[in-house]
Structures are given as structure tokens and as C-alpha cells.
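So you can see what is in the structure, the chains are spelled out below.
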Amino acid sequence: MIRRYLVFMIIMITTAIGFGQTDILTVAEKSEYTSTSRYTDVMHFITKLTKQSPYIKIDTIAQSAEGYYVPMLVIANPMPDSPKDIGDRIVVYIQANIHAGEVEGKESTQMLARDLIKNPDSEILKNVVVLITPILNIDGNEKINTKNRTNQVGPINGVGVRYNGQNLDLNRDAMKLETPEIKGVVENILNVWDPSITVDCHTTNGSFHEEPITFTWMMNPNGDRNLINYMRDNMMPDVHRTLWDSYNVENIFYGEFIDRMDYSKGWSSYACEPRYLVNYIGIRNRLAILNENYVYADYKTRVLGCYSLLRTILEYASEHKSEIENILSEADMQTVRRGLSLSKLDSFAIEYEGKPTPELITIKAFETDTIPGVRGYWRYKSSDRKVTVTVPYIADFYATKNVKFPYAYAISVSDPEVISLLVSHGINISRLKENTKLMVEKFNIDELKGSQRLNQGHYTNSVKGKFIEEEKDFPKGTYIVQTNHKLGSLIASLLEPQSDDGLLKWNYFDRYLVPQWGSGYYPYPVYKVMDSANLELE
């Protein structure tokens, strides 16, 4: 850790001498797109930018497991004194290198930062405060090796690895916040800056097509449906057209063929759980975009295409600032109103399925062949036979099974890890002022099974059971989490026992569920309060 700190300080000291307004090049540009940046390269680059312009500064959002400081850039004109001082601008957060083998976002965000400060009077900086984390997974990045992601077309000097210094996937950590990197994103960016739009940069694996840039939007059905539809029907189609027409970048919405040998079955964006950061942001009532650059396009094309996508998104945010502010404000108000005045129709989705969007999608594909003798995912290979297909896009997720949405949750155990996690998410927690008798819904467990295979260090739970209404005594000081908050959907996603990414799923309540001797289960220690009667809080 001391060594990492010294590296950081050396970078700061050696760049403390002023620099003129010269064009600084990224490692990708200097190498003619054969190499990618290491941590010291990124830090040198962004520190030089701060010496050239008052419109960019570096903050630190986290320290990695291996001791590296994770930088975040703030780009603004004027530079706000604090996140509360942005005026009538909106905030856009761009994040790269969450998977350190997927590197073009790391390079393109550095280029974007440089080019934004060249023109501080642009319409973008008039309307938008831009936040950029160019290298989120530093631990993974510093394991650059030519043996990583060998299916990827460049850079030839190799790339990093997917996991961080804890051997965890950062893009599966949005709910449990076990990694310092994602905890830092939530605590120091989402909770503090509250960006209206977030972009998360990746590189694909999967189906074969010509378009080098793909992207999609947040899709979890427990998010605000109006926000999902706005992305589906307004923002994302506009970005798609502008990227083609203004930047000459071929692009499609992200997905994979449902059947690689029969494209007619459709193109699917299949991951809608809130463990993925983009979907997590969706259930926080904010807009989020997943960028997936095509792994089989050459490295330069991927970097420049990603750069153009990011500029297009910023241009859209600037031009539609008021519209975006209004729809986000309405989503927040609707969520608060739901918690204050529940109806029988208010529910939380515990099971859901993907359905086709209203518009078909056209893909310039290559037909797929199989490799004899190879089984599983890697048995497919691209042919040189081009075929353009227009197929359903499976990207609208709707509930197939719901439970009632509560006024509040009463947590009957004083577990510091649970409470600390809720606070890290930005959730308000109250406590009962007095001993109180409440009508609640109790979840009785009929079956509890841990997964046979470890998932991110967890034998994740699946649970079956039923809710029973009862009157229960709760002592003074019991933790109460009300849902009349803009994070109401996130609260339910964490605390509902049947949530597919909640705290029960991720083993946070395991010690409270099973008696030491005997059979059966204890009730789930989080009770649903269905109205505000008798609820006096400190």
C-alpha cells in the first residue's frame, strides 16, 4: 500500500511544473493503437490536464484492495465548489475499465476529458457537469498480459483481467457493495453528485456482427417504467441515429442472438438484475447506459467509436437537459407518493421475463459456424458470410409474479453489517420511538437452498415461503425503513425476501434464519408494515 501511495505522490510531484496548452496524447494514440494505459500512464495524463485548465480537477473515490487510489475527474465551467453548487446544469457520469480487459473506454474517456477542456465555452459544458472515472478497476488493470482475452482484436501489448484485487467482478457488486471500487462509486458519486445519466463502458463477447459499437439502457422492471420507456423510445434511438449520421459510426443496441444458429428467434439483452450497475442505477430512478464495444472490431475502431458514442450522449444530455430533469423529478415524486399512499395496485416484481420492444432491430450479422469437437460457449466461430437480419429485440422486462409493496420495513435484528450497507446505499433509516404493536406481514420460510456453486464468494440463497398477516410487538429502537423516499424501489429490492438480488439472496441474514437444533426456519427478520398507523419514529 505504501508503494502505491509513493507512486501516486511521484506522479503528482513530477507534474507539478506548469504545462502549456499542448495536445497531450494517450498511450493508445501515441502507440498508434497498439497499446493501452497502465495506472501511472492514466495518472500522468489526467494530472497534466489539470495543469492546463481550471475546468478539470481530480477527486479520489476509493482505494482498491491492492492500495491504488481510484481517480474521478470533474469537468465543468464554472467548476462547482461542491456537488450542491452545480446551478441549473445536470450531471453525467462516465465510467470505464470496470472490467480491466475491456480497455477502449479507458482510452476514450481520457481523450474526451482532454477535448472537453479545450473548449470550455461549449454547449456541453454550459449545460452539463461531466464526471469521469477512467480506470475503475486498477487492480485488474495492472495485471496486463498478452494471455488475457486472446479472442479480442488488440491491443497487442495485452490487457488486464476482469476481476479486482479481491477476485470479485465489480459489475456484480451493486447491491452488496463488497468491493471498495463500487462502494466508492455509490457513496462518493451516486449519493453525492446524483448524476442524471451514467454510462458504463465495456467490451462484448458473443454474437458476430459488423457494427463496432453497441449500447443499451437500464431494464429492471422495478425501475420507473416511464424512465425505461424514455430511454427505449426517445434517448437511445436519437443517440443511435446521431452516431450514424453525424459521426459515421455503425451501431446497434446491445444484445446477443438467442440462438446463434437461428437468428430469427431474436436479439436479446438478457441481464436485467440490479447487481449490474446500469440496472441498479435504474432502480434509483436515474438514467443509465451500458456501452459494449464489439470485441472483434479492431482496437482503434473500438476506441474511436466509443469516443464518438460518449460525445453523442453528452450532446443529447445538453440539448435535452430540461426534459431529463423533468422526467427524473416526476419519477422521484411518483416513488415518494407511492410510499405515502399505497394502493392495491402497488407491487414489487419478484419474477419477470423479457418481451420484444415495440420496434424490431436490424443487425448486419455474420453467419455462425461451429468448431468440431468443441463444446459450450466457445464452440461458435464467425464465418465470412454476411447476412442482414431484422428481428425482435427482447429488452422489455415485465413482472410475471408480484408481491405487495409496503409502507415500511421493520428490521427486527440489530445487525451492524445490514444497517451499514443500507446507509452506504444512501437509504434513510429511522427507529421506533417507543415499544409499539404493529400489524405487519411476516414472511414464513418453507424452503431455503444455497446454490451448489459459489457466486462472487457466496452460496446465494433461493427461498420459498408465504406472507402471513399478524400483530407483533416491536421494542423501542427497532430499525424502520420507510419507502416514501426516491430510493423506495431500491429499498424494496434490498429487503424483500424474494428479491432476486436482495440481502437474503446474498446471505446477509443467514445466521437469523435457521435454529441451531431442530428443523424448520425462523421467520425472515424483516417485516412489512403496510400502513403508517401507530408508527412513531425518532
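Residues numbered from 1 in each chain as written. Predicted model: local features only at pLDDT ≥ 70, side-chain atom pairs only at ≥ 80, totals over all residues. Heavy atoms only, no water.

K.L.:
Which parts of the structure should I look at to understand the overall build of the chain?
P.N.:
Broken down by element type, the chain carries 13 helices and 20 strands. Taking 2.2 N^0.38 as the reference for a compact globule, 538 residues should give roughly 24 Å; the C-alpha atoms of the chain span a radius of gyration of 24 Å, in line with that estimate. Projected onto its principal axes, the C-alpha positions of the chain cover 70 × 60 × 45 Å. Burial status across the chain gives 57% buried among its 538 residues. Look at the contacts in the chain between residues 6 or more apart in sequence, and 79% of them connect residues 24 or more apart. Entry remark: accessible area of the chain is about 22100 Å², with carbon and sulfur atoms responsible for 48%. Taking the average place of the 58 positive charges on the side chains of the chain and the average place of its 68 negative ones, the gap between the two points comes to 4 Å. (Helix = DSSP H or I, 4+ residues; strand = E, 2+ residues; numbered from the N terminus. Rg over C-alpha atoms; globule rule 2.2 N^0.38 Å. Buried < 20%, exposed > 50% of the residue type's maximum accessible area, 1.4 Å probe, protein only. Contact = heavy atoms within 4.5 Å. Areas by Shrake-Rupley, 256 points an atom, 1.4 Å probe, with all protein chains shown as cover. Lys, Arg positive; Asp, Glu negative; His and termini not counted. Charge placed at Lys NZ, Arg CZ, Asp CG, Glu CD.)

K.L.:
Would you mind going over the sheet that holds strand S14 (residues 393-404) with me for this structure?
P.N.:
Within a sheet, neighbouring strands are paired by backbone hydrogen bonds and run either parallel or antiparallel to one another. Across the sheet, which stays open at both edges, the four strands sit in the order S8-S9-S14-S11 with mixed pairing between neighbours. Each having just a single partner strand, strand S8 (256-257) and strand S11 (347-356) make up the two edges of the open sheet. (Pairing = 2+ DSSP bridges.)

K.L.:
Where do I start with the side chain of threonine 436 in this structure?
P.N.:
Structurally, threonine 436 can be placed in strand S17 (residues 436-450). Owing to a relative accessible area of 10%, threonine 436 belongs among the buried residues under this scheme. Once residues lying within four places of it in the same chain are set aside, the contact partners of threonine 436 are Lys472, Asp473, Phe474 and Asn534.

K.L.:
Got a minute to help me understand helix H13 (residues 488-495) in this structure?
P.N.:
Since the α-helix turns once every 3.6 residues, residues separated by three or four places project in the same direction. Counting buried positions along H13 gives eight out of eight residues, so the element sits mostly inside the fold. Within the sequence span of H13, burial applies to Gly488, Ser489, Leu490, Ile491, Ala492, Ser493, Leu494 and Leu495.

K.L.:
I'm lost on the packing of helix H10 (residues 299-319) against helix H11 (residues 321-340) in this one. Help?
P.N.:
Packed helix pairs are specified by the crossing angle of their axes together with the interaxial distance, meaning the distance between the axes. Two elements in contact, H10 and H11, have axes separated by 4 Å at closest approach and are oriented at 80°. If you check the angle between H10 and H11, you find them roughly perpendicular. Here Tyr316, Ala317, Ser318 and Glu319 of H10 lie close against H11, whose contacting residues are Lys321, Glu323 and Ile324. Residue composition of the contact of H10 with H11, by class: three nonpolar, one polar and three charged. (Axes fitted to C-alpha atoms, helices over the stretch in contact; angles between N-to-C directions. Parallel < 35°, antiparallel > 145°, perpendicular 65-115°, else oblique. Nonpolar A, V, L, I, M, F, W, Y, C, P; charged D, E, K, R; others polar.)

K.L.:
Would you explain the environment of threonine 390 in this entry?
P.N.:
Tracing the chain through its elements places threonine 390 in strand S13 (residues 380-391). A sequence separation of 123 residues divides threonine 390 from tryptophan 267, and the C-alpha atoms of the two residues are 9.3 Å apart. Setting aside chain neighbours within four positions, we find threonine 390 in contact with Leu360, Ile361 and Thr362. Side chain to side chain, threonine 390 and threonine 362 meet in a polar contact 2.8 Å long. (Polar contact = N/O pair within 3.5 Å; in protein donor to acceptor, adjacent residues only side chain to side chain.)

K.L.:
Just to check I follow, could you spell out the side chain of glutamate 211 for this structure?
P.N.:
Along the chain, glutamate 211 turns up in the loop between strand S5 (197-203) and strand S6 (213-217). Buried within the structure, glutamate 211 lacks any salt-bridge partner; lysine 364 is the closest side chain of opposite charge, at an N-O distance of 5.9 Å. Separated by 2.8 Å, the side chain of glutamate 211 and the backbone nitrogen of lysine 364 make a polar contact. If near-sequence neighbours (up to four positions away) are discounted, glutamate 211 is found in contact with Glu250, Asn251, Ile252, Tyr294, Thr362, Ile363 and Lys364. (Salt bridge = Lys/Arg side-chain N within 4 Å of Asp/Glu carboxyl O.)

K.L.:
Can you help me understand the confidence of the model for the chain in this one?
P.N.:
Note that predicted coordinates carrying low pLDDT should not be read in detail. Counting all residues, the mean pLDDT for the chain is 95, and 96% of those residues have values of 70 or more. Here residues 1-20 scores under 50 on pLDDT; set against residues more than four positions off or in separate chains, the count is 26 contacts. (pLDDT = per-residue confidence, 0-100.)

K.L.:
Explanation requested: the packing of aromatic side chains in the structure shown.
P.N.:
Aromatic ring pairs are reported here in terms of the distance separating the ring centres and the angle at which the planes meet. Summed over all chains, the structure comprises 13 aromatic pairs. With a centroid separation of 5.1 Å and 70° between ring planes, the pair formed by tyrosine 39 and tyrosine 68 is classed as edge-to-face. Residue tyrosine 39 is found in helix H3 (residues 39-52), and its partner tyrosine 68 is found in the loop between strand S1 (56-63) and strand S2 (69-75); the two are separated by 29 residues along the sequence. Of the two residues, tyrosine 39 and tyrosine 68, both sit in the buried class. It is arginine 431 that lies over the ring of tyrosine 479; its NZ or CZ is 4.1 Å from the centre. (Phe/Tyr/Trp six-rings, centres within 6.5 Å; stacked < 30°, edge-to-face > 60°. Lys NZ or Arg CZ within 6 Å of the ring centre and 35° of its normal.)

K.L.:
It is not clear to me how empty space enclosed by the protein should be interpreted in this structure. Could you clarify?
P.N.:
If a probe the size of a water molecule is rolled over the atoms, the empty space left behind becomes visible. If you walk through the whole model with that rule in mind, you get one cavity of 30 Å³ or more. In this structure, the largest cavity spans a volume of roughly 40 Å³. (1 Å grid on protein atoms, 1.4 Å probe; cavity = no way out; pocket = protein on both sides within 12 Å on 5 of 7 lines; lining within 4 Å. Points joined across faces, edges and corners; volume = space filled by probe spheres on them.)

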